[in-house]
Amino acid sequence: MLGGFKNREVLVDLNKREVSYREIDEELARKYIGGRGLGVKYVLDNGPRVEALSAENILCFMTGPVTGSRSPMSGRLAVVTKSPLTGTVTDSHMGGWSAARMKWAGIDNIIVRGASATPVYLLVENGKAELHDAADLWGKGVRATVRAMQDRYGKEDLSVITIGPAGENLVRYASFINENDRAAGRGGTGAVAGFKKLKAIVIKGPQKGNMPSPAEEGKYKEANQKALKAIMEGGLTSPKKGGLSVYGTNVLTNIINEVGALPTMNSKYTHFDQAEGHSGETVNATLLVADNTCHACPVACKKEVEVKSGKYKTRVESFEYESGWALGSNCGLGDAAAISYMIDQCNEYGIDTIEIGNALSVAMEAYERGLIHEEIHWGDADKMIQLIEDVAFRRGLGDRLAEGPARFAASLGAPELSMSVKGQSIPAYDPRGIQGIGLGYATSNRGACHLRGYTVASEIAGIPEPTDRLKAEGKGELLKIFQDLHAFSDSMDICKFSSFSENAEHYALQYSAMTGHEISADDVLKIGERIYNLERYYNNLAGFNKREDDYLPKRFTEEPGTGNSAGYVSRMEIMLDEYYKARGWVNGVVPETKLKELEIL
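What comes next concerns the included structure.

## Things to note about the state of the cysteines
- Summed over the entire model, instances satisfying the criterion amount to 0 disulfides.
- Sulfur of C60: no disulfide; nearest cysteine sulfur belongs to C449 and is 19 Å away.
- Residue C60 is classed as buried on the basis of its relative accessible area of 0%.
- Between C301, a cysteine without a disulfide, and C495, which holds the nearest cysteine sulfur, the sulfur-to-sulfur distance is 6.2 Å.

Pasting the structure below:
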């Protein structure tokens, strides 16, 4: 078997309450790497027409060949399934230590099938897994669940990946949260677990003597040194140069707002006058208490904050840019203390902060238009806090919002109010002010997403080279490269931020030395292309098979931006034509010739 793998997968059948094991198919591992890629292959083989919230859907917890190793930023875990929010294939990644400990516990992947009649959790230790009754945990929030497992198994070397009340109540954008408040946030993976009555994955995995072994130690050491050097010299990743290490992801708030690309008040505007109130600079100056990090990461982008007094008193493991935007500018709110409180709520209930922020902003605009009667004004933090709880427990208006902003807006007869693609809401970059990211939202295989192909790196930060953020031409080719590169890194599975300083050559060197299977930088992009087309093929088979499925809401294509993007709209049609040509797709459908070329068929 390839180096880096423990060559052991756990197969959980919740219908029978049985656990079994298998080795990894080496040919599939060579083709799809691990993590996201291999997980999507498993989900495709399970059938793209299954209902997301059903016993037939599978839920995969996936690591990659370098997970838990000495490779920089190798602490990511991919949760892969069919999304109850979008109906597409989805993978959602979390940082922290859970992925590394799973590998140290002697397990590469966990594949969960069926549904239990009563709540259960899975304990993983010493290469084995056991199902245990979780009746006493059902109904508990994330922190109480983690504490209960720590009391039972001890804190040392323990990771707990759990759903909260939102997952139990089948909120379509419920998340998995681990003990460090790191979320597998997007796509509703927590709701899939809630349907299956799977409360948690509990992992006992000591590092000593259990790190994955590289096939070629000398080459692996050299590859890691090159990767680390690039990270330490990178403008965004180097602790000496600021950026992510100083302000975390929230370094972007003032930057994106200044260029006129911060979606504001449900994207009615692209600039928010109060954005400084939840910016990285303000949060660091007023609330920062600790810099946290994940396994093998020198960047330490997580910024732990504490509101020490007042009605929003709380402590949050990390104040992220996306969360701050979704619950801040997107809802007309500039109060970092109130936003921190809401982030803490979402972590406790197990809710995607991006999706709930969009749900609240849709409700605000719906009330403004007279489409709902429950009063909720822009920037009303206390009402937002109430509604977040109501969503988690499906009470009143919260029950309708729990179905997702797209479904909620459609139920009002006003689908245009939801800034979503394929049912998933946009993150914190406005397509009118950053043209390439709009194309990324439209063509993302898991619904609107910046992480499938982060063209913002080029369009705003000039990485690996600068492109004009307001120019449509050339963005199809640019996006394809980003999407293919990220598909590979998500399958390794290493942090997305590595791409701010590393390139395909760095990835090829690390992968080759770890596994013993030699690949080049060109192979990295080819494998990434295979994975991206595999996902698109799944979606085609699931019913997403026409050009109209790769769309943006009309607000972005018809209503001009404001601030420093005033007068601009997304020029989607130009970019989409170029993108399809680059991909070799026909109106969003992967032709059989492409599937055979990439060895998918």
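Next comes the rest of the description.
## Looking at the sheet that holds strand β13 (residues 288–292)
- Spatially, the 3 strands line up as an open sheet ordered β13-β14-β15, and their pairing is antiparallel. Whereas interior strands pair on both sides, the edge strands pair on one side only; in this sheet they are β13 and β15 (314–316). Averaged over all neighbouring strand pairs, the angle between strand axes comes to 15°, with direction disregarded.
- In this structure, β13 lies alongside strand β14 (residues 302–307), joined through 4 bridges in antiparallel fashion. The residue bridging L288 from the neighbouring strand is V305, located in β14.
- Along the sheet, helix α12 (residues 336–349) contacts β14 and β15; its crossing angle with β15, the most-contacted strand, is approximately 65°.

## Observations regarding the packing of aromatic side chains
- With the rule as written, the count across this model stands at 12 aromatic pairs.
- Their ring planes at 80° and their centres at 5.3 Å tell us that F61 and F176 sit as a pair that is edge-to-face. In this pair, F61 sits in strand β3 (residues 59–62) while F176 sits in strand β10 (residues 176–178), placing the two residues 115 residues apart along the sequence.
- F176 gets classed as buried once you look at its relative accessible area, which sits at 0%.
- Between the aromatic rings of F488 and Y511, the centroid separation amounts to 6.0 Å while the plane-to-plane angle is 75°, which identifies the pairing as edge-to-face. Linking F488 in helix α19 (residues 475–492) with Y511 in helix α20 (residues 504–515), this pair joins segments that are 23 residues apart in sequence. Of the two residues, F488 and Y511, neither departs from the other in class, the shared state being buried.
- The rings of Y321, Y429, Y454, F497 and F500 are connected pair by pair, giving a single aromatic cluster.
- The cationic tip of R8 hangs over the ring face of Y21; the distance from NZ or CZ to the ring centre is 4.0 Å.

## A word on the nonpolar core
- Ranked by internal contacts, the top residues of the largest apolar core, which has 95 residues, are C60, I256, Y429, Y441, F488 and V524.
- The leading source of residues in this core is helix α21 (residues 521–541), at 8 residues.
- Setting aside residues no more than four positions away along its own chain, Y441 makes contact with V421, I426, P427, A428, Y429, P431, G447, A448, C449, H450 and L552.
- One finds C331, L360, A366 and A402 within the second-largest nonpolar core, a separate group that totals 51 residues.

## Concerning the pattern of salt bridges
- On inspection of all chains with the given rule, the structure shows 54 salt bridges.
- For R70, the salt bridge is made with E217, and the minimal N-O distance between the two is 2.5 Å. Of this pair, R70 sits in the loop between β3 and β4 (77–82) while E217 is found in helix α7 (residues 217–233), placing the two residues 147 residues apart along the sequence.
- For R70, a relative accessible area of 43% corresponds to the partly exposed category.

## Some words on the sheet that holds strand β2 (residues 18–22)
- Spatially, β2-β1-β6-β3-β4-β5 is the arrangement adopted by the 6 strands of the open sheet, whose pairing is mixed. Of all strands in the sheet, those bounded by a partner on one side alone are β2 and β5 (89–94). Taken over all neighbouring pairs, the strand axes of this sheet differ in orientation by 20° on average, direction set aside.
- Pairing geometry for β4 and β5, over 6 bridges, is antiparallel. In the strand pairing of β5, V79 is matched with S92.

Parameters at a glance
Residues numbered from 1 in each chain as written. Predicted model: local features only at pLDDT ≥ 70, side-chain atom pairs only at ≥ 80, totals over all residues. Heavy atoms only, no water. Disulfide = S-S within 2.5 Å. Buried < 20%, exposed > 50% of the residue type's maximum accessible area, 1.4 Å probe, protein only. Pairing = 2+ DSSP bridges. Helix = DSSP H or I, 4+ residues; strand = E, 2+ residues; numbered from the N terminus. Axes fitted to C-alpha atoms, helices over the stretch in contact; angles between N-to-C directions. Contact = heavy atoms within 4.5 Å. Phe/Tyr/Trp six-rings, centres within 6.5 Å; stacked < 30°, edge-to-face > 60°. Lys NZ or Arg CZ within 6 Å of the ring centre and 35° of its normal. Core = buried A, V, L, I, M, F, W, Y, C linked by side-chain atoms within 4.5 Å. Salt bridge = Lys/Arg side-chain N within 4 Å of Asp/Glu carboxyl O.

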